[in-house]
Amino acid sequence: MHLRVPPWLTIMSKPLMSILAVCLILLVYMGFLLTTNYKNQVALHQSCLKTFKLDMGKRGASIEYFFSERKYDLVHLASSHEISGYFMNKSFGMSENYGLKLSFFLIKKLLKNIILSKLIHGREIYKRFMMVDNNGHCLVDTFGGHIDYHNFFYKKFLSDNQKTPEIFVKKINGKLEIMMAVPCFYKNKLSGELVAILNLSSFAINFINFPHSFSTEGFELITRDGKYLYGNYGKISDFAYKFRFNIPVEKRLTKKTLPGLLSVHEYSKILVAVQPIDNAPLDLIGWIDKNLVLGSFEPWKLFAVTGIIAIIILVSLGIIIRINIENMILQTRFNEAEKQHKLITEKNRQLKSEIIKRYKAEKDLEEQRTLRIRSDRLRSLGEMAAGMAHELNQPLMGVRGMSELILLGINKKDSISLEKIQRHAKIIMEQSDRMVHIIKHVRLFAREAGSIEKSIEDLNEVVNSGMSLLQAQFKSHGIALEISFSPTPVFVFINPFSLEEVILNLLGNARDAVEEKKKISVKLDYTPVVSISTWYSNGDKAMAYLEIKDNGTGISKDISPKIFDPFFTTKASDKGTGLGLSITKSIIEEFNGEITLNSKEGKGSIFTINFPIYIMEKTYKGNKCIEDINN
Amino acid sequence: MGKDKKVSVYNLAKNKSFLKSIILITIVFIIFPLLFSQTTAGAGDLKAVIKAGKLRHLGIYYANFVKKNNTGLDVELMQMFAEYLGVKYEFVESNWTDILSDLLGKNVKPVGDDNVVLSGKRPVKGDVIATGFTILPWRRKTVDFSKMTFPTGIWLIADASLPVKPITPTGNIQEDIQATKNLLKGISVLVLKGSCLDPGIYGLNKTGAKIKLFPPDHNLKEMIPSVMAGVVDTTIMDVPVALIALQRWPGEIKVIGPVSPKQKMACAFPKTSPNLRRKFNKFLDQCKVDGRYKHLVNKYYPSVFIYYPHFLKN
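Re the overall build of chain A
(1) Moving on: The secondary structure content of chain A amounts to 13 helices and 21 strands.
(2) Moving on: Out of the 631 residues belonging to chain A, those deemed buried represent 30%.
(3) Moving on: Contacts in chain A between residues far apart in sequence, at least 24 positions, make up 65% of those at least 6 positions apart.

Next comes the structure, spelled out in structure tokens:
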């Protein structure tokens, strides 16, 4: 079963996954905390309530134990030999005047010692003891003041049937006091009572004021019928303090269904518990701030807060994830770009390297080309030199001839006429001028050929000038050179010497072609002919034309397209560099011209060059080319 | 002239009879006083005590007045008095029969109810008697008493089982005494001659009671146990001692009633020691004022205040 993984997950990095996992765990943990917190709160509340109840129970039990001890004290006192001695002496008939007073003294001493010795946390438990006879007369009173036997306070507190100590609350001098009384028996006959008044403040300090489990606890001791005895309210609110007086008595009391049962009543802001004291007509009331026990945890708040936190976490997580994804994407793109950059850089480097190589190669090529061009030019120059040699040969022959004639004349002592000498000298001068012209032309050619400086030239003159360099050679090789110029000047904007180079090159190729054909031709009547012609047209575009035609070997169709390619040649390496026609084409194109080839293998080739015509206008200074008539 | 005097004295010395007279006079006026100086020095007054550097306290081990191990109300009182005088304290044990003789240096014998005969000579052993000593008429004839140190009286103590009921107080001591005496007919009563428990003082001889004399060489504290033991039916006893006995043996003994009116105890001084007595009275007053004496009484006889709550004020 193939699990579909969300695309965004696939591109998430490990750290992000970790964050996601942590956040999810955090959410789960928060949920867990929430639940446990709620449970803990509930448990805490229960614990607080339990602690409160325990506290109450403990206090109640302590109070009960306290009263049990007091009862024991009284029983023990009632059966002391001091009190027994009194009853014995009384039974003997002794009178107070003669001996019985001693018993009172001893009893009082005993009771005072009890007051001094029975302490609770350093405080006296008992405030006062009295011994009362059956008629309610006070026999002994530890109170240091005057004993008033008519004081109604002195009376019997116990019924005749009472055999055990009893605790009760009585008002003495307007104040409620906790009292205890135990019957005194002599020979199983009720003989009197021993009464004790407890020190309420000592009792209260120990059992009511004793450190509370909670600062908001408060305790109060009341009588069974609801009268206030003593209270300590802790740090509960004013409301609780005031409220205590408003609780109806019936609600403050509790019917004990089981011994020691603690009843808890709930009111507005406080929790009230009533703990009855088993062996005394007293109730212990405890108060506690309700919120503390029943809690103010308001679970919905907790949920709300936790929910908000969870939402915040989730939203943050989402934002983090999104940012991370975008970062991841950007990072990926950046890495890709980096890669591409590196690739490009590498390629650039390679390219640069290749460019450099290519540049070097081109430079080399250029050098080679230059060399080849130079070589070609040199070859052209050579051609030209060869042509020039032919051309110079004739005038030199003429100069020699004339000079010989003059010398012969002089040597033979014939009288060579001055006129003949002048005529011969003139011919020598003309031939010399011709040679100078030829040499000058060659010199100019050598310097200017390949230059791009242009000027308006008559095409006819330029062709003628260039052709003239090879005219004699052609003649010596037996090649017929046919010339056909335009009857009118054809002005073009060119560099004449560069065009002469073109003409030399084309004428040279034509010569080679016809000579080649002559070599291989079996026809005896083959006559190599090279023709050169110029004309112009006035059509849509006025153009000047130069055509060089030969009836040589011609160029095959498969070679024709390459004929103008640099370094392409059909000749042997020592015969040609392959740059002639490419240079020719570049020169022509430099002059905004065009060269075309029309060739038929075995028949011959026609090279046609055309240039834009420039019109000439006559000005007061002479002819001046204004512009290309096409423009 | 000088020569003449020498000759006359020399001549007298040669006279033998003159010499004998001188010797006799010397003996009479010097030696005899020395011989008898013990009597006058033993019962010395204040100066003699101070000169002797000690106060000799005559006492009888009796209840809480004089107890063994050098404690007791009178013992501590005398110790304080000695310190007050700036002398050492010395306890001298005596008995009821000889104590006055030990003080006076003479044989003292009571005769009848209130007479006494002094005879003979004997060593004076003490300077003061303080031992719960009741002021009795016949004793007054022989010694001078200090201010009252302790209140007392004489009660008739009986065994609890004796079928004689205690009297019902009338509010009149004399009537109560009579009522008590009326019950004595045929009842044995333990007494001690020559002391505050002498029956003659209280007219018990005329009540028809069987008088039993307690041996004077016995300790008085054995009197009440004798009653409890059934040796005698009753005994008379000082109130302070009776009170202690009632505390000690509750339910064993009972008080029938009084046989004497209120009595006083005091310290006894020889009539030749008025200064010492006066000094003691001054000392006693001081002790009463500053509370030392009350402290002593509370220590040894706290119950005395039940019946004599104001005795210190008197």
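Quick look at the overall build of chain B
(1) Moving on: A tally of regular secondary structure across chain B gives 13 helices and 12 strands.
(2) Moving on: Looking at chain B residue by residue over its 314 residues, the buried ones come to 42%.
(3) Moving on: Restricting the contact set of chain B to residue pairs at least 6 apart, pairs at least 24 apart contribute 71%.

Quick look at the confidence of the model for chain B
Residues and elements named next belong to chain B.
(1) Moving on: Taken over all residues, the pLDDT of chain B has a mean of 86, while the share at 70 or more is 88%.
(2) Moving on: Confidence drops under a pLDDT of 50 for residues 1–7, and excluding neighbours within four residues, the segment shows zero contacts in the predicted structure.
(3) Moving on: Ignoring residues within four places in sequence, the model shows residues 36–43, a span with pLDDT below 50, making 13 contacts including any to other chains.

Comments concerning the pairing of strand β19 (residues 604–612) of chain A
For a regular strand, side-chain orientation follows a simple rule: the groups alternate between the two sheet faces.
Residues and elements named next belong to chain A.
(1) Moving on: Counting buried positions over the nine residues of β19 gives seven, a clear majority of the element.
(2) Moving on: Where strand β17 (residues 543–550) lies against β19, eight bridges are found, and the strand directions are antiparallel. Bridge pairing links Met 543 to Pro 612 in β19.
(3) Moving on: In this sheet, β19 lies alongside strand β18 (residues 594–600) in antiparallel orientation, the contact comprising seven bridges. Residue pairing for β19: Ser 599 is matched across the bridge by Ser 605.
(4) Moving on: Counted along the chain from β18 to the antiparallel partner β19, the turn is three residues long, and its residue Gly 602 has a positive phi close to 90°.

A few points about the sheet that holds strand β3 (residues 126–133) of chain A
All names here are of chain A.
(1) Moving on: In spatial order, the strands read β4-β3-β7-β6-β5; together these five strands make up an open sheet with antiparallel pairing. Unpaired on one side and paired on the other, β4 (138–141) and β5 (166–172) mark the two borders of the sheet. The sheet shows a mean angle of 30° between the axes of neighbouring strands, direction not considered.
(2) Moving on: Both β5 and strand β6 (residues 175–186) contribute to a ladder of seven bridges, which runs antiparallel. Bridged to Ile 167 within β6 is Met 180.

Brief notes about the environment of A:Ser556
(1) Moving on: Considering the arrangement of structural elements, one finds A:Ser556 in the loop between β17 and α13 (580–590).
(2) Moving on: Linking A:Ser556 and A:Gly602, residues 46 residues apart in sequence, is a C-alpha distance of 8.4 Å.

Examining the environment of A:Met180
Residues and elements named next belong to chain A.
(1) Moving on: You can see Met 180 is positioned in strand β6.
(2) Moving on: Taking the number of C-beta atoms within 10 Å as the measure of exposure, Met 180 has 22 and is therefore buried.
(3) Moving on: Put simply, Met 180 and Glu 193 are 13 residues apart on the chain and 10.0 Å apart in space, counted from C-alpha to C-alpha.

Observations concerning the interface of chain A and chain B
(1) Moving on: Opposite the 15 residues of chain A that make contact, chain B presents 18 residues.
(2) Moving on: Sorting the residues of the side of chain A that touches chain B by element identifies α3 (81–92) and α4 (96–117) of chain A as the ones contributing at least two each.
(3) Moving on: Per-element tally for the side of chain A that touches chain B: the top contributor is α4(A), with seven residues.
(4) Moving on: Residue composition of the side of chain A that touches chain B, grouped by class: seven nonpolar, seven polar and one charged.

Focus on α13(A)
Residues and elements named next belong to chain A.
(1) Moving on: Among the 11 residues in α13, eight count as buried, and that is most of the element.
(2) Moving on: Along α13, the positions that sit buried rather than exposed are Gly 580, Leu 581, Ser 582, Ile 583, Thr 584, Lys 585, Ile 587 and Ile 588.
(3) Moving on: The first or second residue beyond α13 is Asn 592, which carries a positive phi of 60°.

Regarding the confidence of the model for chain A
Residue and element names in this part refer to chain A.
(1) Moving on: Averaged over every residue, the pLDDT of chain A is 79; the share at 70 or more is 78%.
(2) Moving on: In the model, residues 253–261 has pLDDT below 50 throughout and makes 10 contacts with residues more than four positions away in sequence or in other chains.
(3) Moving on: Overall, residues 618–626 carries pLDDT values under 50, and its contacts beyond four positions in sequence, including any with other chains, amount to 11 contacts.

What to know about the packing of α3(A) against α4(A)
All names here are of chain A.
(1) Moving on: α4 packs onto α3 with a crossing angle of 165° between their chain directions and a minimal axis gap of 9 Å. It follows from the interaxial angle that α3 and α4 lie roughly antiparallel. You can see that α3 and α4 cross each other, and the crossing is left-handed. Where α3 approaches α4, its residues Glu 82, Ile 83, Gly 85, Tyr 86, Asn 89 and Lys 90 are matched on the opposing element by Gly 99, Leu 100, Ser 103, Leu 106, Ile 107 and Leu 110.

As for the packing of helix α11 (residues 459–477) of chain A against helix α12 (residues 496–520) of chain A
Residue and element names in this part refer to chain A.
(1) Moving on: Two elements in contact, α11 and α12, have axes separated by 8 Å at closest approach and are oriented at 25°. Relative to α12, the element α11 lies roughly parallel. Crossing of α11 against α12: the hand is right-handed. Residues Val 462, Val 463, Ser 465, Gly 466, Met 467, Leu 469, Leu 470, Phe 474 and His 477 of α11 pack against Pro 496, Leu 499, Glu 500, Ile 503, Leu 504, Leu 507, Arg 511 and Glu 515 of α12.

The rules we used
- Residues numbered from 1 in each chain as written.
- Chains lettered and ligands numbered in written order.
- Predicted model: local features only at pLDDT ≥ 70, side-chain atom pairs only at ≥ 80, totals over all residues.
- Helix = DSSP H or I, 4+ residues; strand = E, 2+ residues; numbered from the N terminus.
- Buried ≥ 20, exposed ≤ 12 C-beta atoms within 10 Å, placed from the backbone.
- Contact = placed C-beta atoms within 7 Å.
- pLDDT = per-residue confidence, 0-100.
- Pairing = 2+ DSSP bridges.
- Axes fitted to C-alpha atoms, helices over the stretch in contact; angles between N-to-C directions.
- Nonpolar A, V, L, I, M, F, W, Y, C, P; charged D, E, K, R; others polar.
- Parallel < 35°, antiparallel > 145°, perpendicular 65-115°, else oblique.
- Left-handed = near helix turned anticlockwise from the far one by under 90°.

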